[in-house]
Amino acid sequence: MPVPPTLLEPDLLAADPAGLADVGRLVTEITREAAGALRRRTGPLPAQTPRQLAALVDRQLPDGPIPRHGGGREAVLALARAYAAGTVDLADPRAAAHLQPPSLSVAAAADVLASVFNASVDTWDSGPYAVELERRLITALTDLAGYGPAAGGVLTPGGSASNLQALLIARDTALRPGRDVRAVGLSGLTVRPVLYCSELAHFSMARAAALLGLGEDAVRPVAADEHHRMRPEELDRALRTRAADELPIAVVATAGTTDYGSIDPMPQLAAIARDHGIRLHVDAAYGGGALFSARLRPLLDGIELADSITIDLHKTAWQPAAASALLLRDRAGFTTTTGLRVAYLNPEDDGEAGYDGLLGHSLQTTRRADALKVAATFLALGREGVGAMLDACHDLALHAARSVAAHPRLELTTEPVLTTVVFRYRPRTTTDPATVDAINGALRRRLLREGSALIGRTETEGAVQLKLTLLNPQARTSDIEEMLAAVDAAGAAEEEAHHV
Ligand SMILES: Cc1ncc(COP(=O)(O)O)c(C=O)c1O
């Protein structure tokens, strides 16, 4: 039998004692190289255009990432240096563009262990401890959400995936018992399944509707109020005036809209959904972190009334992606869609004997032990530790909003709710809407190019807006001031470049 090349001495396989020691050595060396490269950085992004970066990667990897012959340890260390120099540095306090937090060191380290053992939670025998950890993590989250003992849930690769599975369950629950959608598909339906969410809901709703065969136009957007929260009376009206052949499968409330962090009025929406006999799903991908904060938890009042909840621990619990959770008030919901038995994985008699994994809960088969990093984080820091990080980011957002409001060239679009601040640069020399938009867009790209500050961009009522998504609990108010000064300077430079 040919022996595989052991270029990474002394051992090739991670999870035997010698291999584990080698993982330790290699991780030490990789992180040392990465730290060296990080120290030479000047901002959250490399100061390069996309084209310059692509040319650099071509030079660094002349034979691409799958060369015929390997370069051993040195090739790995070179990659670590290049990666740390060229990727985004989310721990830089001037990284504030997306709902993408810097990951916690404890979580990143525990994640190495998940990679080492490579357990999977689909079957009991492919990852027994990981299966037990995920079960307990889900129970802890459903308890925090205020669900009872019938609750269940599953970890997924992201908020989009959690929302997709929630709507899959909603679709199949609404269409039963008339037909088994799983077996026969949607053709021949005499009803048109539809769902209702705020006009500010995440685009993953529309994508899920398309993937579920309902079409994107099955999503009925409901108007939001001046605080960016779905108007309950508009939802009620939409439900009452719907066409006779439309079958509502779900109302979706957003607890933390992507741009504004606004939280739909869950108690009112739950009451309307209940009156109409429709499931309520809460997309708390962003706001779900408030479960860990005594101060912000009241924002989630009413979340326990939902039939299902999406929470992204890779957003407001500082986990390395991926770590999203879909929680169900009644775990029996799984059987409508994915409660699946496969002869080679989880046969009935194994299940009866207690050898069940989590295959029947998930849309995936092989599935990483993501509960490990999450459990390690909370065991190390406690809920209060994680909640305090959200509080710190909330404080930063309040500070940033005050600074923006007081700034002569910046205009606050709306008061922050969680950790985002939406605003606009107001040029000195023009009020023409198209030019103001162009300058705001260009100033953000200028900052990207310089690599000095990473801020977000969005649009409100057709106007380009800038956004700080503050998820660095170690950032200081002086970092906020520095970012706003950078926006001001880049705005002035763009005004000049636009000849206005
Ligand atoms: C409200 C909301 N829902 C869902 C998602 C999708 O999450 P993911 O990127 O993990 O798929 C996001 C992402 O920002 C979000 O803000």
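What counts, and where the lines are drawn
Every chain is numbered independently, its residues counted from 1 as its sequence is written. Predicted model: local features are reported for residues with pLDDT of at least 70 only, side-chain atom pairs are reported and counted for 80 or more only, and whole-chain, interface and lining totals are derived from all residues. Remark: hydrogens and water are excluded; side-chain values derive from all non-hydrogen atoms of the structure. UniProt positions are given in the numbering used here, feature names are shortened, and annotations may be inferred rather than shown by experiment. Working definition: helices are DSSP H or I runs of at least four residues, strands are E runs of at least two. Numbering for both runs from the N terminus. Residue burial is assigned from relative accessible area. The probe radius is 1.4 Å, only protein chains are included, and a residue is buried under 20% of its type maximum, exposed over 50%, and partly exposed in between. Residues are treated as being in contact if the distance between any of their heavy atoms lies within 4.5 Å. At least two bridges found by DSSP between two strands are what make those strands a pair. Here a residue is considered near a molecule or strand provided that any single heavy atom belonging to it is located within 4 Å of it. Counted as a polar contact is a pair of N or O atoms within 3.5 Å, where, for protein atoms, one must be capable of donating a hydrogen and the other of accepting one, and residues adjacent in sequence contribute only when both atoms are in side chains. Here, Shrake-Rupley sampling with a 1.4 Å probe gives the accessible areas, and only protein chains in the shown set may cover a residue. In the scheme used here, Gly and all other residues not listed as nonpolar or charged are polar, with Ala, Val, Leu, Ile, Met, Phe, Trp, Tyr, Cys and Pro taken as nonpolar and Asp, Glu, Lys and Arg as charged. Only one rule defines a salt bridge in this text: a Lys or Arg side-chain nitrogen within 4 Å of an Asp or Glu carboxyl oxygen.

Caption draft 1: Up close: the UniProt feature "modified residue: N6-(pyridoxal phosphate)lysine" (unreviewed entry) in the protein chain. UniProt marks Lys315 with the feature "modified residue: N6-(pyridoxal phosphate)lysine" (unreviewed entry), using the numbering shown here. Along the chain, lysine 315 falls in helix α11 (residues 313-316). With relative accessibility at 15%, the residue lysine 315 sits in the buried group. Each residue touching lysine 315, except ones within four places of it in the same chain, is listed here: Leu99, Pro101, Ala285, Tyr286 and Leu471.

Caption draft 2: Representation of the pairing of strand β2 (residues 152-156) within the structure. Burial within β2 is extensive, with 5 of its 5 residues counted as buried. Of the strand pairs in this sheet, β2 and strand β8 (residues 324-328) are connected by 5 bridges, and their pairing is antiparallel. What sits directly across from threonine 156, in β8, is serine 324.

Caption draft 3: A look at the site of the ligand. Near the ligand, the surroundings consist of 13 residues, among which Gly159, Ser160, Thr258, Asp283 and His314 are the closest. In the environment of the ligand, an oxygen atom lies 2.8 Å from a nitrogen or oxygen atom belonging to the backbone of glycine 159. A distance of 2.8 Å separates an oxygen atom of the ligand from a polar side-chain atom of threonine 258. Protein burial of the ligand: of its 390 Å² of free accessible surface, 83% is covered by the chains. If you list the elements that add at least two residues to the shell around the ligand, you get α6 (159-175) and α11. Looking at the shell around the ligand element by element, the count peaks at 3 residues for α6. Its residues assigned to classes, the shell around the ligand comprises 2 nonpolar, 8 polar and 3 charged.

Caption draft 4: Representation of the pattern of salt bridges within the structure. Evaluated as defined, the whole model comprises 34 salt bridges. Across the pair arginine 136 and glutamate 132 runs a salt bridge, and its minimum N-O distance is 2.5 Å. On the criterion of helical spacing, the pair formed by arginine 136 and glutamate 132 is a turn pair, its members being 4 residues apart in helix α5 (residues 128-145). With a relative accessible area of 53%, arginine 136 lands in the exposed category. Across the salt bridge formed by arginine 295 and aspartate 395, the nearest N and O atoms sit 3.1 Å from each other. Of this pair, arginine 295 sits in the loop between β6 (279-284) and β7 (308-312) while aspartate 395 sits in helix α13 (residues 371-406); the two residues are 100 residues apart in sequence, bridging distant segments of the chain. Overlapping salt bridges bring together Asp22, Arg25, Glu29 and Arg73 as one network.

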